[in-house]
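Fold and contact review
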2 protein chains.
Amino acid sequence: MDKIEVVQIGVVNRDSPEEDEFDRSLVSRIVLKNEFADGLKGIEEFSHVFIIYWLDRIPDSKKRLVVPAGSQKLAQQVGVFATRMPIRPNPIGLSMVELVKHERNTIWVRGLDALDGTPVLDIKPYPECVKGKFIIADKFKVPNWLR
Amino acid sequence: MDKIEVVQIGVVNRDSPEEDEFDRSLVSRIVLKNEFADGLKGIEEFSHVFIIYWLDRIPDSKKRLVVPAGSQKLAQQVGVFATRMPIRPNPIGLSMVELVKHERNTIWVRGLDALDGTPVLDIKPYPECVKGKFIIADKFKVPNWLR
């Protein structure tokens, strides 16, 4: 199996298409198709969720090595999977966001970096919990170029 | 746009198909197709990564409400997007795992709950970093049924 088909469950709506999507203090809406509205029942009991979305305005690219933003002066090339750059084999976006409000088929979230109109693929609660233990990493290591 | 096509970039390999995939202390391998190997350059400088994969053995389901594992005695129904249940409109899996080792087109990770042979769609570093700030949630709220 090489090609996999996913369905769009909803869309990102921003108040203004001119909003700075890098400003993570802004609130955007995720509006699900009505058929998926029941899937949100009880989500408001979480303070944070993951949004998985489709970066539909990213051009196809065979690039595997990129110079990550912020490290230009190092001119250090790293692999796309070591970055959050949108150019990747599958332009899937992942944001951990603050859940502000839930009404019927819509949630309001703070911190989503997706453009207005972006297709949404999945919503998952944060954090994952396995046998009563939350899967979080409070200690972690990152490359110097990211700091 | 309703149907979106994604490509399989690699596969999950476990030492034994009989391993308990709920045991998050186990290490599994993610073997990328050779054409994507360069995309892993430098990933070993991260201690944790997100794995996005495709739950290819989950039957189609129109279920939107589920009784999450562990809450049976409450018989509380919540929406699929408020759970990590694999039955969801897009059976996309997401695990935050510990990165153990990287060699060429393969990474070894601890804590992946995917079965042997599971198609992999994307790998992203943890945590996201925006303007020098790490996007982590050290304070969070979850429903009582999850605890």
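Starting afresh in each chain, residues are numbered from 1 along the sequence in its written order. To label them, take the chains in the order written and letter them from A, then take the ligands in the order written and number them from 1. For this predicted model, a pLDDT threshold of at least 70 governs which residues receive local features, and a threshold of 80 or more governs which side-chain atom pairs are given and counted, while totals over whole chains, interfaces and linings are taken from all residues. To obtain the side-chain values, all non-hydrogen atoms of the structure were included, while hydrogens and water were left out.

**So, the overall build of chain A**
For chain A, the helix and strand inventory stands at zero helices and 11 strands. Numbering of helices and strands starts at the N terminus; helices are DSSP runs of H or I of at least 4 residues and strands are runs of E of at least 2. N-terminal to C-terminal, the α/β element order of chain A is β-β-β-β-β-β-β-β-β-β-β. Whether two residues are in contact is decided by their heavy atoms: any pair within 4.5 Å suffices. By sequence separation, contacts in chain A at least 24 residues apart represent 69% of the contacts at least 6 residues apart. Entry remark: accessible area of chain A is about 7000 Å², with carbon and sulfur atoms responsible for 50%. Method for areas: the Shrake-Rupley scheme with a 1.4 Å probe, in which residue coverage is limited to the protein chains shown.

**Considerations on unusual backbone geometry**
Trans peptide bonds make up the majority, and among non-glycine residues the majority have a negative phi. Put simply, Tyr126(A) and Pro127(A) share a cis peptide bond, and its omega is -10°. Topologically, Pro127(A) is positioned in the loop between strand S9 (119–125) and strand S10 (129–130). If you check the backbone angles, Lys131(B) has positive phi at about 50° while not being a glycine. Position of Lys131(B) among the secondary structure elements: in the loop between strand S10 (128–130) and strand S11 (133–135). Here the term buried applies to any residue with accessible area under 20% of the maximum for its type, exposed to any over 50%, and partly exposed to those in between, with areas from a 1.4 Å probe on protein chains only. Exposure remark for Lys131(B): the relative accessible area of 71% places this residue in the exposed category.

**Focus on the relation of the copies chain B and chain A**
Superposition of chain B onto chain A requires a rotation of 180° combined with a translation of 0.0 Å along the rotation axis, giving an RMSD of 0.0 Å. Taken together, these values place the two copies in the relation of a two-fold axis. Considering only C-alpha atoms, the residue of chain B closest to the rotation axis is Glu5(B), which sits at 2.3 Å. Superposing the copies works by least squares over the C-alpha atoms of residues that have pLDDT at least 70 in both of them.

Everything listed here is a matter of coordinates, which is why it stays silent on function.
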